[in-house]
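The primary structure of each chain is shown beneath.
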Amino acid sequence: MVYMLKIGGQNYEALRRHGEETYPHECCGVLLGQTDGEGRIVSSVARCGNTRTDSPQNRYHIDPRELIRIQREGRERGEDIVGFYHSHPDHPARWSATDLAEAHWFGCSYVITSVEKGKAAITNSFELMGSDEGEKSLVDEKIDVAPSET
Ligand SMILES: [Zn+2]
């Protein structure tokens, strides 16, 4: 079954803007919300610092302590981690072999935004399918952007 990612316009714009702000380095962050019968519903996004200092323009890494804090704070609001996002400065919004190798949260969304010359271009989402590291894959999923609430 192929899920989709439902996200509000404000959160969607927030994760795209994050990639513009950190350009030419990759940004990264966490998507929090719920999973229902047809997909993952994002109710908040949490920015993370990219702890990769060796090659921040084409790698990202989220500090595990930061991730645990985000997870705990999310649970206090009734939210679970439903995905992750990062940017690809001047590269397509497709996952790389490294992205797949470093993706470990099965059933979560991995959102990638291409940032071309500092402007957010295409945003795609992929679900990490499979049940173990040996046969996992990232599969295209639809992003359903809801209009911003004011
Ligand atoms: Zn990547």
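Quick notes on the rules
- Residues numbered from 1 in each chain as written.
- Predicted model: local features only at pLDDT ≥ 70, side-chain atom pairs only at ≥ 80, totals over all residues.
- Heavy atoms only, no water.
- Salt bridge = Lys/Arg side-chain N within 4 Å of Asp/Glu carboxyl O.
- Helix = DSSP H or I, 4+ residues; strand = E, 2+ residues; numbered from the N terminus.
- Buried < 20%, exposed > 50% of the residue type's maximum accessible area, 1.4 Å probe, protein only.
- Donors = N, O, S within 2.8 Å, 3.2 Å for Na, K, Ca; no water.
- Tetrahedral: all angles 85-135°; square planar, octahedral: opposite > 155°, others 65-115°.
- Pairing = 2+ DSSP bridges.
- Axes fitted to C-alpha atoms, helices over the stretch in contact; angles between N-to-C directions.
- Contact = heavy atoms within 4.5 Å.

J.: Explain the pattern of salt bridges to me, please; I cannot follow it from the model alone.
T.: Pairs may arise between side chains of opposite charge once their charged atoms sit close together. Per the stated rule, a full pass over the model turns up 11 salt bridges. With its nearest N and O atoms 2.8 Å apart, the salt bridge here joins Lys6 to Glu38. Taken as a pair, Lys6 in strand S1 (residues 4–8) and Glu38 in the loop between strand S2 (28–36) and strand S3 (39–48) lie far apart in primary sequence, 32 residues in all. A relative accessible area of 44% means that Glu38 is categorised as partly exposed. Note that Glu127 and Arg40 form a salt bridge whose closest N and O atoms lie 3.3 Å from each other. Here Arg40 lies in strand S3 and Glu127 lies in strand S6 (residues 119–129), a separation of 87 residues in the sequence. We note that Glu127, like Arg40, is buried. Among the ionic contacts, a cluster of salt bridges with common partners joins Arg40, Glu127 and Glu141.

J.: Looking at this structure, I do not really get the coordination of the zinc ion. What am I missing?
T.: Put simply, a metal with four donors set out as a tetrahedron has ideal angles of 109.5 degrees, and one with six donors set out as an octahedron has ideal angles of 90 or 180 degrees. Every protein donor of the zinc ion is listed here as His86 (NE2), His88 (NE2), Asp99 (OD) and Asp99 (OD), and their distances to the metal cover 2.1 to 2.4 Å. Each of the four donor atoms bound to the zinc ion contributes to angles spanning 56 to 154 degrees, and the resulting shape is irregular. By relative accessible area, His86 is classed as buried at 3%.

J.: Looking at this structure, how should I read the sheet that holds strand S5 (residues 109–116)?
T.: Within a sheet, neighbouring strands are paired by backbone hydrogen bonds and run either parallel or antiparallel to one another. Strand order in the closed barrel made by the seven strands is S1-S3-S2-S4-S5-S6-S7, with mixed pairing throughout. Averaged over all neighbouring strand pairs, the angle between strand axes comes to 35 degrees, with direction disregarded. Pairing geometry for S2 and S3, over nine bridges, is antiparallel. Note that in S3 the partner of Asp36 across the bridge is Gly39. Sheet strands in contact with helix H2 (residues 64–76) are S2, S3 and strand S4 (80–89), and its direction is about 130 degrees off that of S3.

J.: Looking at this structure, how should I read the pairing of S1?
T.: Within a regular beta strand, the side chains point alternately toward one face of the sheet and then the other, so they alternate between its two faces. Most of S1 is tucked away, with four of its five residues classed as buried. Relative to S3, S1 is paired through four bridges, and the arrangement is parallel. Looking across to S3, one finds that Ile7 is bridged to Val42. The sheet contact formed by S1 and strand S7 (residues 137–146) spans five bridges and is parallel. Counterpart to Lys6 in the pairing with S7 is Asp144.

J.: Quick question: what am I supposed to make of the pairing of S7 here?
T.: As paired strands, S6 and S7 are joined by five bridges and run antiparallel to one another. Bridge pairing links Met129 to Ser137 in S7.

J.: I would appreciate a short explanation of the side chain of Thr113 in the present structure.
T.: Summarising the element assignment, Thr113 is placed in strand S5. Since its relative accessible area comes to 1%, Thr113 is described here as buried. The residues contacting Thr113, other than those within four sequence positions of it, are Leu15, Arg16, His86, Ser87, His88, Ala93, Ala120, Ala121, Ile122 and Thr123.

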